[in-house]
Amino acid sequence: MFRHKGKGRTYSHNLKLASILSSVAGMVNITGVLAVDTLTTNVTGHFAFFSEQLFLENYQMAFIYLFYIIFFLLGAFISGLVIEWASKYRLQTSYTIPISIEAIILIMTAFVPILLLKGNFSMSIIISFALLFAMGLQNALVTKVSQSVVRTTHLTGLFTDLGIELSQLFFSYEKKEKIRLYKSIFLKLMIISCFFLGGIIGGFTFQHFELKTLLIPTGLLIIALWYDQILFRYYHLKRSFRQHD
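Computed from a predicted model, the values in this text were never measured in an experiment.

**Student:** Sorry if this is basic, but what is going on with the packing of aromatic side chains here?
**Tutor:** Each aromatic ring pair is specified by the distance between its two centres and by the angle formed by the two planes. Applying the stated rule across the entire model yields 5 aromatic pairs. Between the aromatic rings of Tyr-65 and Tyr-68, the centroid separation amounts to 5.6 Å while the plane-to-plane angle is 85°, which identifies the pairing as edge-to-face. Of this pair, Tyr-65 and Tyr-68 both sit in helix α3 (residues 59-88), 3 residues apart, which is roughly one turn of that helix. Tyr-68 shares its class with Tyr-65; the two are buried. Measuring from centroid to centroid gives 5.7 Å for Tyr-68 and Phe-129, while their planes differ by 80°, and the two rings are edge-to-face. Taken together, the positions of Tyr-68 in helix α3 and Phe-129 in helix α6 (residues 121-145) put the pair 61 residues apart, joining distant regions of the chain. Of the two residues examined, Tyr-68 and Phe-129, each falls in the buried class. When the ring centre of Tyr-11 is taken as origin, the NZ or CZ atom of Lys-183, which lies over that ring, is 4.9 Å away.

As structure tokens, then:
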């Protein structure tokens, strides 16, 4: 899912990656909204709020929204830095560090008592910073690994690309081109669907478990992290049994 890059990467790899990590993004986003009233998977809205607060001369809130943007950017920067450093030294597990950092952030956030957030504006801001940083990490990692084919946290661009590709179906007559479009459309629909599904599951779960809802996306991250190794061992054992037969 993560290990295959370049020509060795297939449509199936991107589909699995998109399904799991867009679900993670959906759950983290709804948890951020319900717990600290903050969108944590993109920064488009924060730019608007930043401009609004500047207009209202509420400079404290304006700087908070600015830092929301910076923390998402910082997460993407750290993720890109780690991947480039690992690529330079030809390390095969460059993806493990960003995913591990993201998982640690989600686990630590999950065990923050919800009562600590009520009436504690500073703690709410810290939680928002942490989740935005984690989503920046994830989005940069997925974008880099999939060579910009998959993005798991930005639905605006996905809906735009989806609309363009749906319109292209009316003017594509070659079978090869139509197959390519169908596969691309299905991938985008899968990302959108899993993001929505993650949001719905996260919303219902938050009613009972509050911030501990974040343990579910953490589990999905661990599955994604170990998927390649489990699959590799499975095929290795299968090959060994065949040789013995």
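The rest of the description comes next.
**Student:** Sorry, what's going on with a nonpolar patch on the surface here?
**Tutor:** A contiguous nonpolar surface patch, about 480 Å² in accessible area, is contributed by Leu-54, Tyr-59, Phe-63, Phe-67 and Ile-70. In terms of residue count, the dominant contributor to the nonpolar patch is α3 (4 residues). Among the structural elements, Phe-67 can be located in helix α3.

**Student:** Explanation requested: the environment of Lys-118 in the structure shown.
**Tutor:** Inspection of the secondary structure puts Lys-118 in the loop between α5 (114-117) and α6. Residues Lys-118 and Val-36, spaced 82 residues apart in sequence, show a C-alpha to C-alpha distance of 9.1 Å.

**Student:** Looking at this structure, I do not really get the UniProt feature "transmembrane region" (unreviewed entry) in the protein. What am I missing?
**Tutor:** Summarizing the sequence annotation, UniProt attributes the feature "transmembrane region" (unreviewed entry) to residues 59-83, 95-115, 121-142, 185-209 and 215-235 in the numbering used throughout. End C-alpha atoms of residues 95-115 are separated by 35 Å, and the span's content is 81% helix alongside 0% strand. Between the C-alpha atoms that bound residues 121-142 the distance is 32 Å, and the span itself is 100% helix and 0% strand.

Basis of the calculations
Residues numbered from 1 in each chain as written. Predicted model: local features only at pLDDT ≥ 70, side-chain atom pairs only at ≥ 80, totals over all residues. Heavy atoms only, no water. Phe/Tyr/Trp six-rings, centres within 6.5 Å; stacked < 30°, edge-to-face > 60°. Helix = DSSP H or I, 4+ residues; strand = E, 2+ residues; numbered from the N terminus. Buried < 20%, exposed > 50% of the residue type's maximum accessible area, 1.4 Å probe, protein only. Lys NZ or Arg CZ within 6 Å of the ring centre and 35° of its normal. Patch = residues over 30% accessible without salt bridge, like charges linked within 9 Å, V, L, I, M, F, W, Y side chains within 5 Å. Areas by Shrake-Rupley, 256 points an atom, 1.4 Å probe, with all protein chains shown as cover. Salt bridge = Lys/Arg side-chain N within 4 Å of Asp/Glu carboxyl O. UniProt positions renumbered as here; feature names shortened; annotations may be inferred.

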